[in-house]
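# Secondary and tertiary structure notes
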Amino acid sequence: MDIVKLRTLIEEHNYRYYVLDDPVISDTEYDALFRELEQLEAHHPELITPDSPTQRVGAAPLKKFAKIEHSVPMLSIRNGFTEEELLAFDKRVREKLNVDKVSYSCEPKFDGVSIALIYENGVLIKAATRGDGFVGEDVTQNAKTIKSIPLHLRGNDFPDLLEVRGEVYIPLEDFERFNESSSKRGDKVFVNPRNAASGSLRQLDSRITAARPLQMFCYSIAGDKALQFKTQHEVLEKLKEWGFRVNDEIKVAHGIEECLVYFKELEQKRASLPYEIDGVVYKVDNLREQEELGFVARAPRWAIAHKFSAEEVESEVLAVDFQVGRTGALTPVARLHPVFVGGVTVSNVTLHNMQEIERKDIRIGDFVKVRRAGDVIPEIVSSVKSKRCDNARLIELPSKCPVCGADVMYVEGEAVARCSGGLYCSAQRKESIKHFASKTALNIDGLGDKLVAQLIDSDFIHYVTDLYKLTEEQLLTLERMGKKSADNLLRAIESSKKTTLAKFLYALGIREVGEATAKNLAKYFGNLESIMQVDADALQQVPDIGPVVAEHIELFFKQKHNKELVNELLKQGINWPDVEVEDGSLPLQDQTFVLTGTLESMSRNEAKAKLENLGAKVASSVSKNTTAVIVGRDPGSKAKKAKELGVAILTEAEFAKLLSL
Ligand code: IVH
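### Overview of the overall build of the chain
- Helix and strand counts for the chain stand at 25 helices and 24 strands.
- Computed over C-alpha atoms, the radius of gyration of the chain comes to 29 Å, within 12% of the 26 Å expected from 2.2 N^0.38 for 661 residues, which places it in the range of a compact globule.
- Seen along its three principal axes, the alpha-carbon backbone of the chain occupies a region of about 85 × 75 × 60 Å.
- Scored against the burial criterion, the 661 residues of the chain give a buried share of 46%.
- Residue pairs in contact within the chain that sit at least 24 positions apart in sequence constitute 66% of those at least 6 positions apart.
- Working note: accessible area of the chain is about 33900 Å², and carbon and sulfur atoms make up 50% of it.
- Placing the 88 positive and 101 negative side-chain charges of the chain at their respective mean positions leaves the two points 2 Å apart.

### A few points about the site of the ligand
- Surrounding the ligand, one finds 13 residues, the nearest of these being Ile77, Glu107, Phe110, Glu167 and Lys283.
- One nitrogen or oxygen atom from the side chain of Lys109 is found 3.2 Å from an oxygen atom belonging to the ligand.
- Contacts to the ligand include Phe110, whose backbone N or O atom sits 3.0 Å from a nitrogen atom.
- Put simply, the parts of the chain that give the shell around the ligand at least two residues each are β3 (103–110) and β10 (277–284).
- In terms of residue count, the dominant contributor to the shell around the ligand is β3 (four residues).
- Of the residues in the shell around the ligand, the class split is six nonpolar, two polar and five charged.

### Looking at the packing of helix α12 (residues 426–437) against helix α13 (residues 449–457)
- Close contact between α12 and α13 brings their axes to 10 Å; oriented N to C, the two are set at 135°. What the angle tells us is that α12 and α13 run oblique. Handedness of the α12/α13 crossing: right-handed. Where α12 approaches α13, its residues Ser426, Arg429, Lys430, Ile433 and Lys434 are matched on the opposing element by Asp449, Val452, Ala453, Ile456 and Asp457.
- Of the residues that constitute the contact of α12 with α13, the class distribution is four nonpolar, one polar and five charged.

### Considering the pairing of strand β23 (residues 628–631)
- Along β23, one buried face is formed by Ala628 and Ile630 and the opposite face, lined by Val629 and Val631, is buried too.
- Bridge count between strand β21 (residues 592–596) and β23: four bridges; the pairing is parallel. Counterpart to Thr596 in the pairing with β23 is Val631.
- Both β23 and strand β24 (residues 648–650) contribute to a ladder of three bridges, which runs parallel.

### Focus: the packing of aromatic side chains
- Within this structure, the stated rule accounts for 17 aromatic pairs.
- Taking 4.8 Å as the distance between ring centres and 80° as the angle between the ring planes, the aromatic pair formed by Tyr17 and Tyr18 counts as edge-to-face.
- Tyr18 gets classed as buried once you look at its relative accessible area, which sits at 16%.
- Ring centres of Phe263 and Phe308 lie 5.2 Å apart, and the angle between their planes is 40°; this geometry places the pair in the tilted category. One end of the pair, Phe263, is in helix α9 (residues 256–269); the other, Phe308, is in the loop between β13 (303–307) and β14 (312–324), with 45 residues separating them in the sequence. Here Phe263 and Phe308 have matching classes, each one buried.
- Put simply, the rings of Phe110, Tyr169, Phe217 and Tyr275 pair up and form one aromatic cluster.
- A cation over a ring is seen here: Arg154 above Tyr15, with NZ or CZ 3.7 Å from the ring centre.

Here is what the cut-offs are and how they apply
- Residues numbered from 1 in each chain as written.
- Predicted model: local features only at pLDDT ≥ 70, side-chain atom pairs only at ≥ 80, totals over all residues.
- Heavy atoms only, no water.
- Helix = DSSP H or I, 4+ residues; strand = E, 2+ residues; numbered from the N terminus.
- Rg over C-alpha atoms; globule rule 2.2 N^0.38 Å.
- Buried < 20%, exposed > 50% of the residue type's maximum accessible area, 1.4 Å probe, protein only.
- Contact = heavy atoms within 4.5 Å.
- Areas by Shrake-Rupley, 256 points an atom, 1.4 Å probe, with all protein chains shown as cover.
- Lys, Arg positive; Asp, Glu negative; His and termini not counted.
- Charge placed at Lys NZ, Arg CZ, Asp CG, Glu CD.
- Near = heavy atom within 4 Å.
- Polar contact = N/O pair within 3.5 Å; in protein donor to acceptor, adjacent residues only side chain to side chain.
- Nonpolar A, V, L, I, M, F, W, Y, C, P; charged D, E, K, R; others polar.
- Axes fitted to C-alpha atoms, helices over the stretch in contact; angles between N-to-C directions.
- Parallel < 35°, antiparallel > 145°, perpendicular 65-115°, else oblique.
- Left-handed = near helix turned anticlockwise from the far one by under 90°.
- Pairing = 2+ DSSP bridges.
- Phe/Tyr/Trp six-rings, centres within 6.5 Å; stacked < 30°, edge-to-face > 60°.
- Lys NZ or Arg CZ within 6 Å of the ring centre and 35° of its normal.

If you want it as structure tokens, here you go:
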């Protein structure tokens, strides 16, 4: 058969199989056609086209993913759990639109990973993950291996540029089969289909992705290209015609009551569906009405996810241990008989504090109901009283710290009990060092939980100041530490010395001083000396600082050992650029900048920190109030938007000049 005809025929069968779910030939017949094409292409390699069905095998591995800025942010949807919440949502929508009844597109909420596909003149040219909603990863090679993603579109009425969004997932049966054969080979087994889908889509080697049973459901067209259609269900019909796979449980409901009926029906069906869903999404069907409703924060006003209530499973409390945190707070943690719930195995659950234990009446030896909703941390819902044995034991707060043996203190009116050991307690020291090194504090790359524990347990470090005295010889004595990792760590420690006043303040771990408070302090006082000297009254002049936090700060800097610690850190060379007094005297005060594209000389976070140190604000989207957009390599739509709005555009060189003001 002619190669073009053969290809078209195979694509037609693909379409029938994946999109219409209505194959007209058997798998064996399909495989025979596919082999015929492979053979023809092997004899005539010059006839291979990049979008031939045989080309879904992956390409050479990448070193890392390129970034793709989304033309329209990939937002999340707000959740509702109860009928009241859903009725309230509908009421808000109706009031805002000033109508009596609204039609909704009711869709399953697929439990996979979202993806954006970009087609130019009908040909798939880019695919991106959601990332942080604004910038995702370029997974084009990987997407091309997914058979239900069309490499080129059917028909000829598609726009020149089209961005389609949807969810990549792994069907349940394929997931089980895949895990089974992985475990036989001794390979990694995934805990649930969603993790498997996410891990598979984000492989640097797309040949691995090609071997994973990924599929995709499409659910939207991004941006104003959708507006040539009247409704969401028309969009979905058109997507199908163009060759995209659209889920066939999607229905239009007239009014919220019909939505609730749909919800109940789908909940019934959930267990027999061949893929995982964790709820239902209701979207205002009329696209003009969607536009009118718009967005709040990072979610549309025109959609809500009605989540299925979380699965509850029973387990047994084997023991309760107390963990000691950075500030000495003792947190009871229940050790459970491991149970599989909400897609993961749970064996440790925090009980938060003694009041919670009392309220839920939980004892050691009790059977308890355990719940995990979506990404939420697992929790114990209640104990099962009918199953309580006589020898179930009450949980008691220890009088001595389980780690250092110091007395445990209970402060009147506070929910938590604390170890009084302070920095004598190795648990508190471990936590304070982890905090100091964390990304948002001094950002010591590679200094993770395990390494901190090793360093403390081997007595190489006691306090954060000791980090800066570590030697390569010491590091090399640690288990699983090679020369390369040791050098990398020492380099990361060295470069952490360059920071900002706000980050340094945050890193100190003063009680109740989070990132925002630290920033406010730095901005208000502009230097560390003042902050260390002022009293609680003066501290309360800072925005958002009340009497309690002011007290903690004053107390912290009154203590001799904290003063010594700060001085020692400064002696070791920790430094930051002069900053930041909030009296309008900063050079970029009241100016707003937007960053787009990749900068050559620094990361986006560094650029942001530098701008903020000069008093500027950094925003994520361009408006007419934007002072200037700083444009790096491969800029996204923000540069275009700036041009449209007549907002100034700065190149990286111009930006560098601005910073040296
Ligand atoms: S529409 C602005 N429809 O849910 C709304 N999302 O919380 C854009 N999801 O990241 C999304 N099923 O990955 C939409 N039928 C569906 C969905 C769906 C699953 C996911 C999607 C998104 C998240 C939003």
